[in-house]
Amino acid sequence: MEMEEEIKALSSEIEQSRKILTALGDEVRQHLILVMMQSGSCTGLRVNEIAKGTNLSRPAVSHHLQILKDAGLVKMRREGTRNYYYFDESAASIEQLIHMLEHARRIMHSLPDRSGDD
């Protein structure tokens, strides 16, 4: 594939990864991910359980969980009136992000060295 086509394809991959990049780029959401992972719960966590591991209000945690959900990192399951949040084990968005990053790395390696070092 020509370089111009490679960059066009990468541009499309970046666009497709925008939601996960936004979700992972926020320190609060990074912390929520770690709190959820540290809980070790396989069945999922409720918003108030997650909020206990942070200094955030329940509405703030809900807001950030919605962004993680929209990015394809977290899923939600309802049991009666209770909502449980858990990681999407298929994590297609993470696979897409990894593919995009590997593609960007391949393009960067193929570019000429412009550092001026000999």
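Each remark here, short or long, concerns the structure printed above.
One structure accompanies this document, and this report is about it. (Residues numbered from 1 in each chain as written. Predicted model: local features only at pLDDT ≥ 70, side-chain atom pairs only at ≥ 80, totals over all residues. Heavy atoms only, no water.)

**What about the side chain of Asp 88?**
Secondary-structure assignment places Asp 88 in the loop between strand 2 (82-87) and helix 6 (92-110). A relative accessible area of 13% means that Asp 88 is categorised as buried. In this structure Asp 88 touches Gly 72, Leu 73, Val 74 and Lys 75, once residues within four positions along its chain are discounted. (Helix = DSSP H or I, 4+ residues; strand = E, 2+ residues; numbered from the N terminus. Buried < 20%, exposed > 50% of the residue type's maximum accessible area, 1.4 Å probe, protein only. Contact = heavy atoms within 4.5 Å.)

**Considering the pairing of strand 2**
Sheet analysis places strand 1 (residues 74-79) next to strand 2, joined by six bridges and oriented antiparallel. Bridging across to strand 2, Arg 78 finds its partner in Asn 83. Counted between consecutive antiparallel strands, the loop separating strand 1 from strand 2 contains two residues, among which Gly 80 sits at a positive phi close to 65°. (Pairing = 2+ DSSP bridges.)

**Remarks on the pattern of salt bridges**
Following the criterion strictly, the structure yields three salt bridges and no others. Across the salt bridge formed by Arg 18 and Glu 15, the nearest N and O atoms sit 2.7 Å from each other. Since its relative accessible area comes to 43%, Arg 18 is described here as partly exposed. Ionic pairing is found between Arg 77 and Glu 79, a salt bridge with its closest N-O pair at 2.9 Å. (Salt bridge = Lys/Arg side-chain N within 4 Å of Asp/Glu carboxyl O.)

**Re the nonpolar core**
Among the nonpolar cores identified, the biggest contains 22 residues, and Met 36, Ile 50, Val 61, Leu 65, Leu 68, Leu 73 and Tyr 85 are the most heavily contacted of them. Only helix 2 (18-24), helix 3 (27-39), helix 4 (47-52), helix 5 (58-70) and helix 6 provide two or more residues apiece to this core. Once you skip the residues sitting within four places of it in the chain, Val 61 turns out to touch Leu 32, Val 47, Ile 50, Ala 51, Thr 54 and Leu 56. (Core = buried A, V, L, I, M, F, W, Y, C linked by side-chain atoms within 4.5 Å.)

**Let's talk about helix 5**
A turn of α-helix holds 3.6 residues, and therefore any two residues three or four places apart point the same way. With 13 residues, helix 5 extends 18 Å from end C-alpha to end C-alpha; this agrees with the ideal 18 Å at 1.5 Å per step. Looking at the buried positions of helix 5, the neighbouring elements they touch are helix 2, helix 3, helix 4, strand 1 and strand 2. Following helix 5 by one or two positions, Gly 72 has its phi on the positive side, about 85°. (Expected span 1.5 Å × (residues − 1).)

**A look at the packing of helix 1 (residues 3-16) against helix 6**
Two elements in contact, helix 1 and helix 6, have axes whose closest approach is 10 Å; the angle formed by their N-to-C orientations is 150°. Put simply, helix 1 runs roughly antiparallel to helix 6. Regarding helix 1 and helix 6, the two cross each other, and that crossing is left-handed. Where helix 1 abuts helix 6, its residues Met 3, Glu 6, Ile 7, Ala 9, Leu 10, Glu 13, Ile 14 and Gln 16 lie against Gln 96, His 99, Met 100, His 103, Ala 104, Ile 107 and Ser 110. The residue inventory of the contact of helix 1 with helix 6, partitioned by class, reads eight nonpolar, five polar and two charged. (Axes fitted to C-alpha atoms, helices over the stretch in contact; angles between N-to-C directions. Parallel < 35°, antiparallel > 145°, perpendicular 65-115°, else oblique. Left-handed = near helix turned anticlockwise from the far one by under 90°. Nonpolar A, V, L, I, M, F, W, Y, C, P; charged D, E, K, R; others polar.)

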